[in-house]
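Residue-level structural notes
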Amino acid sequence: MDRNEGIIRWSPNLSLDEFMVFNLNNRVVQLYEATGLAQPGHFDYEKVSKHTEFPAINTYDWSPVNRGLVAVGTGQGEVHLLRVDDNSNASLTLPLKLQRPCQSVTFNTTGLLAVGLDRVRNDSCLQIWDINQRLAGLDPNKKGWNVPTMNLEPRRKLEASVSITAIRFFEDQPQTLVVGVKNQSVRIHDLRDPNSSVINFQTRCCNNIAIDYTDTNYFASSTLDQPGLVVWDRRASSRSAASTVYLESFDQEEVPWGAALKLDRAIDVEKSTYIKQLRYSREERGALGVLSSAGQLQVFQTKREFIDPGSSDDLHISPELLEAKSSFDLEYAFFDPEHKRKYEHRIVSFDWLNLGTSDLQTRVVALRASGDFEILQMPMESTNRLSQLVPWKPPHRLEDPYMTLMTFEDVSERVKVRGPLFAAAAKLNVAVFGPAKFHSPRSQTLLNAAIEKSLRSSENPIVQLTSSVDLELSESHFLSDAGISTSQLSTSTQVYTNREVHDQLHYSMLGLIGSRKSRSRLLDHIMLRRALDGYLFDCKINKRIATDDQWLQDTWEWIQGAHEAAQDDRMVSRPLDLSYMGVYTIWMNALGEKAQSRLIDSAVIPDTSQWERLIANINKQASRPHFQGVSTAKPHHRQLCLAICGLSKTVDELDSDLDALEKQKKYTTAAAWALFEGIPKRAVEILKRGGTDLLFVAMALDIKLQSTASLELDQVEWGKALGNHPEMAEDPYLRAIYGYITTGDWAVIADEAGLPLRDRVGVALRHFDDDKLTDWLSIQMEEASRSGDIEGVVLAGITDNMVDILAKRIEKFGDYQTPILIMSFCYPRYINDIRCDAWRKAYKDFLQRHKKYIFRVKFEQQSTIKSRLRDGLPVIKPPPRQVTIRCLSCDANAANDLGNSGAGSTSGSFPGSTAVDPRNPLAATGINAGLCCPRCGSHLSRCAVCMEIVGVPRSDRPEQSINAEVRRMANFPTFCLKCKHVMHMDHSVDWFRRHNECPVPECRCQCNANASRQTGSV
């Protein structure tokens, strides 16, 4: 590396908003944290730590797992492990036997370090080291590398007698890496293969290897003496697996073997300019940043070439060609004639920011040779929309509006067209990092308010868009639901579980301890009543309807939260889609039997280490704090699971909830929540305010907090305690507090079956170690499936496990309406279970049986919409239309209705069909306009009163009539089922008000005779 240059790198750990800067002159590396805005001209950050006096380096890499671990390779053949996060200047050296320049180092996500060395005879130049072994016993809370000295050997040695120029591990397959061999090829090694078989692509572009994070089948490389680059496809293993299209491109020498895209000139060239750095964006698919040694920073956006789905070239195992969709110059070369700048102001290094959201434009942080670094942003999608909406009137006259936008009378249309412009402008002023980051509730509230204010503003919109958007708005506090109460079903000291209380309440309210016949009628009545009230897929409405079942209300509340969390791909971290998954399925990394439906652009299910990294990205996107609790190997799993339980609350939210519970006189619930959240002093204060009965409990809890002793009550003593305090049998939260006081064991609270499952799971997540938590969750999942406990939605989510729970619930209660509505959020998109098919058919038949056709259609339509895949195609195929247009003469379907009715083409001959007269030029026009039957040629009927064709605009303009009835009936035809004569409805009403006989001359049909007799009888 050039001594006068530097390096900037954004953290590869998706849960951290940090970046690192190397100063190669002073040999200092500094760690920074982004804290607020990150936009061109304004970047908020603060320094965290620094490391000084490292040797001159050739290469470097930052560990994606260990925050403070950086590996650097030197020209003297040494590999140093630096700790950069604690100001300790600590360094370890890996013992390389034959000293020669180290040209590349890279970490994977499991703790392996690959080292690429210069060529030397009789020795391997690619060495794989296990850093976990070298750092075994490290205490991250102590400064420096507090590990013993040891003689460590490489785990694997590969590539003998060649010069390794670049190395990168694939994130989706941590045991697979791509290697650049100088002037020879790029090679793919699978460390799991004992035979060391290699995929080899011959090329001189063997430097600056970069892997596409959004589709790891592709990786790019370049050379140091040419301005071009090549994007490779790792699936190119043999000709037999390649498609015809790819083989043709290769045979015609458009691309070398293994390449998906070849760009001969990716940068502007002058003298010895070359490609210095390649980087793929983590958030924008196919976005490849290319930095030249002259400081030119260009971004190429690539996409796959189109292949007809289902064709012989549509092979998943075949390499696919790419095309450059567009390119953007974020920075021009310093010698560019129109954008000249000083040589010392050129960009020398860059990296993409991990924003954690697709709602913001992708950005890069760039380091200049002067040592300054700044933010550069990709052009917004609405960049060209502003000029397109300005009504230019050349030549411009003085009285014409100039700086204005097109006006829209329709409010919805104005929001749709102008909204993206104001939204893009508003997002520029929202913090990306820190406590008030983009996804924080306050920022979202301010952003929405600013956009609405701009849309409603009467000021010049051009001025608003070209100036900063004012985000000042008073902060709104929203009070979340304050607890779960149980019914007082018994005054005895018998203790009921939460599930037993639910079951007893259900049966007692419906009076189901009777005949099976009454049970069936009551269930039909309840399901029908709910359907008529709008019980469908709106969780808020469903919660309001299910007022007689608080457990069901809690279920719809959870689904509403899961639905909101899944919006805008906030539960997606490619390639995983974790939408609507529960605590158990997340913790066990269980994607279900239809696992491929939850993988995006990938067929490989991530391993355990990959899950933790991907979930960290989801937590970061949602601005969730780091997990604080028991020591664990999966902190991001636990934090996401707490959020799934609704327990990842801020301090202010928790305070509001506790205050609300106290106002409702639910002191034990509030105290228990405070205890569960790790603020026991607050629990003591709440209990003291709960009256005399709770004062002694508060004193006991206060003493317990100051002592580690426990009473260790056995079952007999516990029964006596319940007998002496019957209020504990009725209050599970009081039992939980008393159990903690007497034992000091959090397992007592987690096993308190009278508590809501959400609270119990939250306690287990915070206080159980990994193995104990796994066992406990498995037991609870089995119990929920066995008993049909609908609270199990917190554990299972809407997955295959939830089908088992709901199947048992149907067996107990016979209600299949709620189960199919719940499952329709994910069935059949993520789930393929025959039981869901049966429930769906049963519910449709139920609505049909009760003649609720509109509600059946709404259910079918909305469930079909929910089954849409990411490409917009529904898994549930819409049924064919059941209403068709037919000719009154020959009963044939109308030509323009064939596609919907499911009928075959009528272009062929019908038995007895009449051919259209080729001499009549109006015949084909009439058929195409829908005025003539394509089979018999019969014209649309004429009104028997006015003799105008029914179904076309009328000459008397009834829509302008002052009579509302005429305006309403003018476009509707009426038919006599006897004589089949037609009239406009308003004409029919006027005629038959005075006559019974058909208005057509010589037709003796008494069309109105029956109606007249009925009227007379009345």
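Right above here is the structure, for reference.
This report concerns the structure included in the present document.

Reading the values: the criteria
Residues numbered from 1 in each chain as written. Predicted model: local features only at pLDDT ≥ 70, side-chain atom pairs only at ≥ 80, totals over all residues. Heavy atoms only, no water. Axes fitted to C-alpha atoms, helices over the stretch in contact; angles between N-to-C directions. Helix = DSSP H or I, 4+ residues; strand = E, 2+ residues; numbered from the N terminus. Parallel < 35°, antiparallel > 145°, perpendicular 65-115°, else oblique. Left-handed = near helix turned anticlockwise from the far one by under 90°. Contact = heavy atoms within 4.5 Å. Nonpolar A, V, L, I, M, F, W, Y, C, P; charged D, E, K, R; others polar. Pairing = 2+ DSSP bridges. Buried < 20%, exposed > 50% of the residue type's maximum accessible area, 1.4 Å probe, protein only. Patch = residues over 30% accessible without salt bridge, like charges linked within 9 Å, V, L, I, M, F, W, Y side chains within 5 Å. Areas by Shrake-Rupley, 256 points an atom, 1.4 Å probe, with all protein chains shown as cover. Salt bridge = Lys/Arg side-chain N within 4 Å of Asp/Glu carboxyl O. Phe/Tyr/Trp six-rings, centres within 6.5 Å; stacked < 30°, edge-to-face > 60°. Lys NZ or Arg CZ within 6 Å of the ring centre and 35° of its normal.

1. Description of the packing of helix H22 (residues 757-767) against helix H23 (residues 770-787)
For the pair H22 and H23, the least separation of the axes is 10 Å and the interaxial angle reads 165°. Considering their axes alone, H22 and H23 lie roughly antiparallel with respect to each other. As for how H22 packs across H23, the hand of that crossing is left-handed. Where H22 abuts H23, its residues Leu757, Arg760, Val761, Ala764 and Leu765 lie against Leu773, Trp776 and Gln780. Classifying every residue of the contact of H22 with H23 by side-chain character gives six nonpolar, one polar and one charged.

2. Regarding the sheet that holds strand E25 (residues 347-352)
Across the sheet, three strands lie side by side as E25-E26-E27; this open sheet has antiparallel pairing. Strands with a single pairing partner mark the edges of an open sheet, and in this sheet they are E25 and strand E27 (373-377). Ignoring which end each strand starts from, the neighbouring axes of this sheet average 30° apart.

3. Let's talk about the sheet that holds strand E17 (residues 207-211)
Strand pairing in a sheet takes place through backbone hydrogen bonds and is either antiparallel or parallel in direction. Ordered by their spatial adjacency, four strands build an open sheet running E17-E18-E19-E20, and the pairing between neighbours is antiparallel. What marks the edges here is a single partner per strand, and that holds for E17 and strand E20 (259-263). Sheet twist, expressed as the average angle between the axes of neighbouring strands with direction ignored, equals 15°. One ladder, built from five bridges, connects strand E18 (residues 218-222) with strand E19 (residues 229-233); its direction is antiparallel.

4. Considerations on the pairing of E20
Judged by how many residues are buried, E20 sits mostly within the fold: four of five residues are covered. Bridge analysis of E19 against E20 gives four bridges, and the strand direction is antiparallel. Following the sheet pairing, valine 231 is matched in E20 by leucine 261.

5. Side note on a nonpolar patch on the surface
A cluster of nonpolar side chains, namely Leu695, Phe696 and Met699, defines an oily patch on the protein surface of about 300 Å² accessible area. Along the chain, leucine 695 falls in helix H17 (residues 692-705).

6. A closer look at the pattern of salt bridges
Throughout the structure, instances matching the rule amount to 50 salt bridges. For the salt bridge of aspartate 657 with lysine 649, the shortest nitrogen-to-oxygen distance reads 2.6 Å. Taking the relative accessible area as the measure of exposure, aspartate 657 reaches 0% and is therefore buried. With a relative accessible area of 26%, lysine 649 lands in the partly exposed category. In this structure, glutamate 860 engages arginine 856 in a salt bridge whose closest nitrogen and oxygen atoms are separated by 2.8 Å. Residue glutamate 860 and its partner arginine 856 are both found in helix H28 (residues 853-866); the two are separated by four residues, about one turn of the helix. Given a relative accessible area of 13%, glutamate 860 falls into the buried group. Residue classification places arginine 856 among the buried positions, given a relative accessible area of 12%. Within the structure, one salt-bridge network assembled from shared partners comprises Asp215, Asp233, Arg235, Arg285, Arg304, Glu320, Arg574 and Asp601.

7. Some remarks on the packing of aromatic side chains
Within the structure shown, the criterion is met by 28 aromatic pairs. Ring centres of tyrosine 246 and tryptophan 257 lie 5.5 Å apart, and the angle between their planes is 75°; on these two criteria the pair is classed as edge-to-face. One end of the pair, tyrosine 246, is in helix H2 (residues 244-251); the other, tryptophan 257, is in the loop between H2 and E20, with eleven residues separating them in the sequence. Like tryptophan 257, tyrosine 246 is buried. Centre to centre, the rings of phenylalanine 334 and tyrosine 343 are 5.2 Å apart; their planes meet at 80°, and the pair counts as edge-to-face. The rings of Tyr535, Phe537, Trp556, Tyr580, Tyr816, Phe825, Tyr843, Phe846 and Phe859 are connected pair by pair, giving a single aromatic cluster. Across the ring face of tyrosine 830, the terminal group of arginine 598 is positioned such that the distance to the ring centre comes to 4.0 Å.

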